[in-house]
Amino acid sequence: MEKQIPVGIIGASGYVGAELMRLLGEHPGFDVGFVTGDTQAGQPVADLYPHLAAIGADQEFVKYDPTLLDDVALAFLALPHGQSMAMAADILDRGKVAVDLAADFRLNDAGEYQHWYGEPHLAPELLGQFAYGLPELFRDELPGATAVAVPGCYPTAAALALAPLVRLGFIQADGVIVDAASGVSGAGRPPKAHTTFCAVDEDFTAYGLLDHRHTPEIEQASGASVLFTPHLAPMNRGILATCYAKPTGEASSEAALAGLAEFYADEPFIVVSERPPSTKATLGSNAAHLTVRYDARTNTVVALCAIDNLVKGAAGQAIQCANLICGLDETAGLTAVGVYP
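Residues numbered from 1 in each chain as written. Predicted model: local features only at pLDDT ≥ 70, side-chain atom pairs only at ≥ 80, totals over all residues. Heavy atoms only, no water.

### Brief notes about unusual backbone geometry
And step 1. The omega angle of the peptide bond from Tyr340 to Pro341 is 5°, so this bond is cis rather than trans.
And step 2. When you line up the elements, Pro341 lands in the segment after α11 (311-325).
And step 3. A positive phi angle is found at Glu202, which is not glycine, with a value near 60°.
And step 4. Mapped onto the fold, Glu202 is located in the loop between α8 (197-200) and β8 (205-206).
And step 5. Classification of Glu202 as exposed rests on a relative accessible area of 74%.
And step 6. A positive phi is found at Leu210, a non-glycine position, where the angle reads about 70°.
And step 7. Along the chain, Leu210 turns up in the loop between β8 and α9 (215-222).
And step 8. A relative accessible area of 69% means that Leu210 is categorised as exposed. (Helix = DSSP H or I, 4+ residues; strand = E, 2+ residues; numbered from the N terminus. Buried < 20%, exposed > 50% of the residue type's maximum accessible area, 1.4 Å probe, protein only.)

This is the structure:
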């Protein structure tokens, strides 16, 4: 067996960090050298996440120190928005590959951060160095990259559904509606009033009306102008995006489905079928399940995508990108098969 590539996880105590540890724990090409979690420093990983006991029985969270990077080649940054941009320059200056799972380097225009995130970008000069990490749509940017911005879970689902139809000229690129629902893990591990059990159970609510910060990322990745409405669903994991658009000309469900299937024909993690996608079908996997229909009565194309928000929407996609950057098999350490029931 070839020597594994040493990697570190910065911000490992959150749900995405835990998912990175789970997937990397059995990765044939990567070896996790450190996991940081400043609020959990000194605590055994298995005490916070017992499901990781078999692969991290002796591992502890540590406070971040730049010298930790000396012994790794690549760092996964699973941090809250705004923290990655403060340390990215140092990571890159040390010659390490940065795989950022926050939103800090996803948008091409630094001015968009002020508008959508309410604060200026701290390192606009670095934006051009980050490839956008959605391999099925932007794979050519990844091999040999030194930095990658992993897409958000909502933009991943919406772009996978819409971008092929835009690129194929099947739908109009304006007036698109994206109606999507997410599991509660998308809100992160720290408790919040609106994500407690009593708040979420038996409820389904819309939020971020008209101004959700993922809107410009969806538009950038899909090539469409969208009205995006996210919803919080009473489930642990999953994203289901339902996208509505107008066709550019004569259309049919058969033609749209055939075009989508051909576009993704060689993609190991994409499943295109007539079946309506289900979030549970993607649970624990790096898969995206898609379908598309054309409704002649309203002259509307409906494209749907389901993913696991913590895997294809975050940790799994980050590893998929890291595999491509490091010249490994793109599917290493990942599966397209979900867990059921």
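### Here we look at the pattern of salt bridges
And step 1. What the rule picks out here adds up to nine salt bridges.
And step 2. In this structure, the salt-bridge partner of Arg139 is Glu267, at a minimum N-O distance of 2.6 Å. Taken together, the residues span a long stretch of sequence, with Arg139 in the loop between α6 (135-138) and β6 (147-149) and Glu267 in the loop between α10 (253-263) and β11 (270-272) at a distance of 128 residues.
And step 3. Exposure remark for Arg139: the relative accessible area of 23% places this residue in the partly exposed category.
And step 4. Arg139 is the salt-bridge partner of Glu330, the closest N and O atoms lying 2.9 Å from each other. On the criterion of sequence distance, the pair formed by Glu330 in the segment after α11 and Arg139 in the loop between α6 and β6 is long-range, its members being 191 residues apart.
And step 5. It is possible to trace a salt-bridge network through shared partners that takes in Glu19, Arg22, Arg237 and Asp308. (Salt bridge = Lys/Arg side-chain N within 4 Å of Asp/Glu carboxyl O.)

### Observations regarding the nonpolar core
Nonpolar side chains tend toward joint burial in soluble globular proteins.
And step 1. Residues Leu160, Val178 and Leu290 are the most contacted members of the largest nonpolar core, which totals 43 residues.
And step 2. For this core, the leading source of residues is helix α7 (residues 153-167), giving eleven residues.
And step 3. For Leu290, the residues in contact, after removing those within four places along its chain, are Leu160, Ala161, Leu260, Tyr264, Ile270, Val271, Val272, Ser273, Leu304 and Cys305.
And step 4. Membership of the second largest hydrophobic core comes to 37 residues, among which are Ile5, Ala12, Leu52 and Ala315. (Core = buried A, V, L, I, M, F, W, Y, C linked by side-chain atoms within 4.5 Å. Contact = heavy atoms within 4.5 Å.)

### Quick notes on helix α4 (residues 84-93)
And step 1. Buried within α4 are the following residues: Ser84, Met85, Met87, Ala88, Ile91 and Leu92. In a view along the axis of α4, the buried residues occupy a sector of 160°, so they form one face of it. Exposed residues on α4 whose side chains face more than 90 degrees from its buried face are Ala86 and Asp93.
And step 2. Contacts from the buried residues of α4 go to β1 (5-10), β3 (74-77), β4 (97-100) and β6. (Arc of directions from axis to C-beta.)

### Observations concerning the side chain of Ser273
And step 1. You can see Ser273 is positioned in the loop between β11 and β12 (288-295).
And step 2. For Ser273, the side chain forms a polar contact with the main-chain nitrogen of Arg275, separated by 3.1 Å.
And step 3. Here Ser273 is in contact with Leu257, Leu290 and Thr291, once residues within four sequence places are set aside. (Polar contact = N/O pair within 3.5 Å; in protein donor to acceptor, adjacent residues only side chain to side chain.)

### As for the sheet that holds β1
And step 1. The strand order across the open sheet built from six strands is β2-β1-β3-β4-β6-β5, with neighbouring strands paired in parallel fashion. Only two strands of the sheet have a single partner each, and these edge strands are β2 (30-35) and β5 (131-132).
And step 2. Relative to β2, β1 runs parallel, the two being bridged by five bridges. Within β2, the position partnered with Gly8 by the bridge is Phe34. (Pairing = 2+ DSSP bridges.)

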